[in-house]
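# Observations on chain architecture
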Amino acid sequence: MATQHFVNIEDHGEYLNFRVPFEKNTIPVTISREALDDHFRAKELGDLVQAYVQGSERINARALTKALPGAVYTVAQPLRLTKDDF
């Protein structure tokens, strides 16, 4: 699963937003800083985006397995990934 298929990566300090293709559209996903620190070395790297890019295959796969078919995800109510998801 290549990173280029996942778009709009935005660093918000305590979380990172990105979008994934799902059911003929894209859905917004939020991953917590804590998840990126604990499982993807963000603290060591000093950059949430770099941690996401390096762990994107695993992060994107988890987002896709957690997304519920037929569910509505919006910018205000994104799919949320936390440290407990990994």
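See the structure above.
Heads up: these notes are all about the structure in this document. (Residues numbered from 1 in each chain as written. Predicted model: local features only at pLDDT ≥ 70, side-chain atom pairs only at ≥ 80, totals over all residues. Heavy atoms only, no water.)

## Some remarks on the overall build of the protein chain
Going by this rule: A helix here means a DSSP run of H or I that spans at least four residues, while a strand means a run of E at least two residues long, and both kinds are numbered starting from the N terminus. In this treatment the radius of gyration is a C-alpha quantity, and the globule benchmark scales as 2.2 Å times the residue count to the 0.38 power. Only protein chains enter the accessibility calculation, which uses a 1.4 Å probe. A residue is then buried if its area is under 20% of the maximum for its type, exposed if over 50%, and partly exposed in between. Whether two residues touch is decided by their heavy atoms; if any such pair falls within 4.5 Å, the residues are in contact. Every accessible area reported is derived by Shrake-Rupley at a probe size of 1.4 Å, with residue values counting cover from the shown protein chains alone. Counted as positive: Lys and Arg. Counted as negative: Asp and Glu, with His and the chain ends omitted from the count. We put the charge of a Lys on NZ, of an Arg on CZ, of an Asp on CG and of a Glu on CD.
From N to C terminus, the protein chain includes three helices and four strands. Start at the N end of the protein chain and walk to the C end: the helices and strands fall as β-β-β-α-α-α-β. What you see for the protein chain is a C-alpha radius of gyration of 12 Å, in line with the 12 Å of a compact globule of 86 residues. Considering only C-alpha atoms, the protein chain reaches an extent of 35 × 25 × 20 Å along its principal axes. Looking at the protein chain as a whole, 36% of its 86 residues qualify as buried. Taking the contacts inside the protein chain whose residues are at least 6 apart along the sequence as the reference set, 49% of them involve residues at least 24 apart. Accessible surface, the protein chain as shown: approximately 5000 Å² in total, 50% of it carbon and sulfur. In the protein chain, which carries 10 positive and 12 negative side-chain charges, the distance between the mean positions of the two groups comes to 4 Å.

## Observations concerning the pattern of salt bridges
Convention followed: A side-chain nitrogen of Lys or Arg and a carboxyl oxygen of Asp or Glu constitute a salt bridge if their distance falls within 4 Å.
Counted according to the given criterion, the structure contains five salt bridges. Across the pair Lys83 and Glu34 runs a salt bridge whose closest N-O atoms are separated by 3.6 Å. Remark: Glu34 occurs in helix α1 (residues 33-40) and Lys83 occurs in the segment after β4 (79-81); sequence separation between them is 49 residues. Two residues, Arg41 and Glu44, come together in a salt bridge whose shortest N-O distance is 3.2 Å. Take Glu44: its relative accessible area is 62%, and that puts it in the exposed class. By sharing partners, the salt bridges in this structure join Arg62, Lys66 and Asp85 into a single network.

## Focus on the packing of aromatic side chains
Filter applied, for reference: Ring geometry is summarised as follows: Phe, Tyr and Trp rings, the Trp one being its six-membered ring, pair when their centres sit within 6.5 Å, and such pairs are stacked at plane angles under 30 degrees, edge-to-face over 60 and tilted between the two.
Inspection of the entire model under this criterion finds two aromatic pairs. Arranged with centres 4.7 Å apart and planes meeting at 40°, the rings of Phe18 and Tyr52 form a pair that is tilted. A residue pair is termed long-range when its members are at least 10 positions apart, and Phe18 in strand β2 (residues 15-22) and Tyr52 in helix α3 (residues 48-66) qualify at 34 residues. Under the relative-accessibility criterion, Phe18 is labelled buried at 1%. Given the relative accessible area of 0%, Tyr52 is considered buried. For the pair Phe40 and Phe86, a centre-to-centre distance of 5.1 Å together with 90° between the ring planes defines the contact as edge-to-face. In this pair, Phe40 is assigned in helix α1 and Phe86 in the segment after β4, connecting sequence segments 46 residues apart.

## Points about the side chain of Thr30
In this structure, Thr30 sits in strand β3 (residues 25-32). Aside from chain neighbours lying at most four places away, what touches Thr30 is Tyr15, Leu16, Asn17, Pro78, Leu79, Arg80 and Leu81.

As far as function goes, none of this settles anything; it's purely spatial.
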